[in-house]
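Each chain is listed here by its residues.
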Amino acid sequence: MTRKPRRAARKLPSVAVALGGGGARGLAHIVMLEALDEMGITPAAIAGTSIGAIIGAAYAAGLKAEELRAHVLATFRNRAKVFARLFEARIGRFADLFARGNPMLVDGERLLDQFWPKEVPDSFEELAIPFTAVATDYYGCAEVALSSGALVSAVAASMALPGLVKPVDIEGRLLIDGGAVNPLPCDIIAGKADILVAIDVAGAPSAEEARAPDAFSTLLAAAQIMQRAIVSTKTAANPPDLLLRPEVQSFGVLDFFKARRIFEAAVPAKERLKQELASKIAKF
């Protein structure tokens, strides 16, 4: 009896993930990454901007999304400890108010050391998944994609929101928040996988606010409006295979103490991602 040759296992398509900026709304990225873990998918590449870089780098280090969720909930359970860590990460003194303008400007590298999981390594080269952080060259007025060298410096640069986090000098370039040029870095990893998934958390000011915003809130909201416009233009010109927008627009950029509610709000988008990604994979 002639035995039929065994069929080779079907190779599944590869997946790359772009994680956008949006402050606390970006905690929704963790829920979206849980979808990949539940489907048994390890991304071939990850790119992130600002909060997307913070979470993307931690996930690329090999941490599971559920571990990141637990870490965030534990971290923001105690307000006093969070504010103490922020105070430790500041670079100015109140006496510097007139000389420097903002005595509470935060050092991003110190901030990450205070809040990142201890498993996150020092360099890109130690990551389990190829990762790119996007920042902006302040003087060069251009995008900078960082994928080698000191990981904490690169991510601190990507999250260096003007007025809140100090710029970072890397190889003679002064770098600030990547959201100024590329809030959702799909193009950075285009072509690095069969399926490109983009998670957009840029939002607009909530129309439900009863009072007029203060100057600081207006500044943050203006940055979000700008980022939303950039994302719309870029994704219209070069759409990713899957674009998901978790329903987190009602949360503010600094609403990190509402982490649990942000996670809950992202669940419907997580389920859509699982369904749509499974459909894409089935067509390969």
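Rules used throughout
Throughout this document, residue positions are counted from 1 along each chain, in the order its sequence is written. In keeping with the predicted nature of the model, local features appear solely for residues at pLDDT of at least 70, side-chain atom pairs appear and are counted solely at 80 or more, and the whole-chain, interface and lining totals rest on all residues. With hydrogens and water set aside, each side-chain value is computed from the structure's full complement of heavy atoms. Segments assigned H or I by DSSP are reported as helices when at least four residues long, segments assigned E as strands when at least two residues long, and all are numbered from the N terminus. When accessible area is computed with a 1.4 Å probe and restricted to protein chains, residues below 20% of their type maximum are described as buried, those above 50% as exposed, and intermediate ones as partly exposed. In what follows, a contact means two residues having at least one pair of non-hydrogen atoms within 4.5 Å. Residue-level accessible areas treat just the shown protein chains as cover; the underlying method is Shrake-Rupley with a 1.4 Å probe. Patches here: salt-bridge-free residues with over 30% relative accessible area, like charges joined within 9 Å, nonpolar side chains (Val, Leu, Ile, Met, Phe, Trp, Tyr) joined within 5 Å. By salt bridge we mean one thing: a side-chain nitrogen of Lys or Arg within 4 Å of a carboxyl oxygen of Asp or Glu. Note on charges: Lys and Arg go in the positive column, Asp and Glu in the negative column, and His and the chain ends are not counted at all. For charged residues, the charge sits on one atom: NZ in Lys, CZ in Arg, CG in Asp, CD in Glu.

Re the overall build of the protein chain
Broken down by element type, the protein chain carries 9 helices and 8 strands. Buried residues in the protein chain amount to 48% of all 284 residues. Intrachain contacts of the protein chain at a sequence separation of at least 6 include 75% that bridge at least 24 residues. On the protein chain, roughly 14600 Å² of surface is accessible, and the fraction owed to carbon and sulfur atoms is 54%.

What about a negative patch on the surface?
On the surface, a cluster of negative charge is contributed by Asp113, Asp122, Glu125 and Glu126. Note on placement: glutamate 125 falls in the loop between α6 (108–115) and β3 (131–137).

Description of unusual backbone geometry
The backbone of serine 50 sits at a positive phi, close to 55°, despite the residue not being glycine. Tracing the backbone shows serine 50 in the loop between β2 (45–49) and α2 (51–60). The class for serine 50 is buried, based on a relative accessible area of 14%. Residues other than glycine seldom take positive phi values, yet glutamate 171 does so here, at roughly 55°.

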